[in-house]
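Architecture and fold: a report
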Amino acid sequence: GGNFRERVVESGGKQYDLLGGRNSGLAISEIVISLDGRDYRLDIPEKEHFFVCTEIDSEIEETHSDLDEMKFYDKDGKDISDTVKWN
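Every value quoted in this text rests on a predicted model; they were computed, and no experiment measured them.

The rules behind these values
- Residue indices begin from 1 for each chain and proceed along its sequence in written order.
- Given that the model is predicted, a residue must reach a pLDDT of at least 70 before its local features are reported, and side-chain atom pairs must reach 80 or more before they are shown or counted; all residues, however, enter totals for whole chains, interfaces and linings.
- Side-chain numbers here rest on the full set of heavy atoms in the structure, without hydrogens or water.
- Helix and strand labels come from DSSP, where a helix needs a run of H or I of at least four residues and a strand needs a run of E of at least two; each type is numbered from the N terminus.
- Within these notes, the globule rule equals 2.2 Å times the number of residues to the 0.38 power, and the radius of gyration is based on C-alpha atoms.
- Throughout, exposure labels follow a simple rule: accessible area from a 1.4 Å probe, protein chains only, divided by the maximum for the residue type, with under 20% read as buried, over 50% as exposed, and the rest as partly exposed.
- Should any heavy atoms of two residues lie within 4.5 Å, those residues are counted as being in contact.
- Computed with a 1.4 Å probe, the accessible areas rest on the Shrake-Rupley method; for each residue, only the protein chains presented here act as cover.
- Counting rule for charge: Lys and Arg are taken as positive, Asp and Glu as negative, and neither His nor the chain ends is counted.
- Lysine's charge is taken at NZ, arginine's at CZ, aspartate's at CG and glutamate's at CD.
- Only strands joined by at least two bridges in the DSSP assignment are considered to pair.
- Note on definitions: angles span 0 to 180 degrees between N-to-C directions of axes, and those axes are lines fitted to C-alpha atoms, for helices only across the stretch in contact.
- Take the buried Ala, Val, Leu, Ile, Met, Phe, Trp, Tyr and Cys residues and link them wherever side-chain atoms come within 4.5 Å; each set so joined is a nonpolar core.

**Comments concerning the overall build of the chain**
- The helix and strand inventory of the chain stands at zero helices and six strands.
- Reading the helices (α) and strands (β) of the chain from amino to carboxyl end gives β-β-β-β-β-β.
- Scaling as 2.2 N^0.38, a compact globule of 87 residues should have a C-alpha radius of gyration of about 12 Å, and the chain matches this with 13 Å.
- Seen through its C-alpha atoms, the chain measures out along the principal axes to roughly 35 × 25 × 20 Å.
- Burial statistics for the chain: of 87 residues in total, 37% are counted as buried.
- Long-range pairs, those at least 24 residues apart, make up 52% of the contacts in the chain with a sequence separation of at least 6.
- Counting every atom, the chain has about 5700 Å² of accessible surface; 42% of that belongs to carbon and sulfur.
- Charge-centre separation for the chain: the mean point of 11 positive side chains lies 7 Å from the mean point of 21 negative side chains.

Quick look at the structure:
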């Protein structure tokens, strides 16, 4: 269940956060996740389903971000977190 899947992976000595999900209505333009108190911004393509990644600090030990703390933004930069069904 849920509209989003996320995890931290290591490849070639670097760490990446992988995020996939649904963008019903194409409302989401950017998602901000938090890992070890650091925020990372992921640009979301205008597609119903997406899979994106971003390199993260190699010192981070967490394997997932806190999905309750994800923030969602539309193309105008407006916070739409209250309107997005993430679970």
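**Here's the deal with the pairing of strand β4 (residues 38-43)**
- Here strand β3 (residues 30-35) pairs with β4 via six bridges, running antiparallel. Opposite Ile33, over in β4, you have Tyr40 as the bridge partner.
- Counted along the chain from β3 to the antiparallel partner β4, the turn is two residues long, and its residue Asp36 has a positive phi close to 50°.

**Overview of the sheet that holds β3**
- Strand order in the open sheet made by the three strands is β4-β3-β6, with antiparallel pairing throughout. Of all strands in the sheet, those bounded by a partner on one side alone are β4 and β6 (71-73). Each adjacent strand pair in this sheet contributes to an overall mean axis angle of 25°, direction not counted.

**Comments concerning the nonpolar core**
- Formed by 18 residues in total, the largest nonpolar core has its most connected members in Phe4, Leu19, Ile28, Ile31 and Phe72.
- Taken together, the elements giving at least two residues each to this core come down to β1 (4-11), β3, β4 and β5 (49-56).
- When sequence neighbours within four positions are dropped, the list of residues in contact with Ile31 reads Phe4, Leu19, Tyr40, Arg41, Leu42, Ile44, Phe50, Met70, Lys71 and Phe72.

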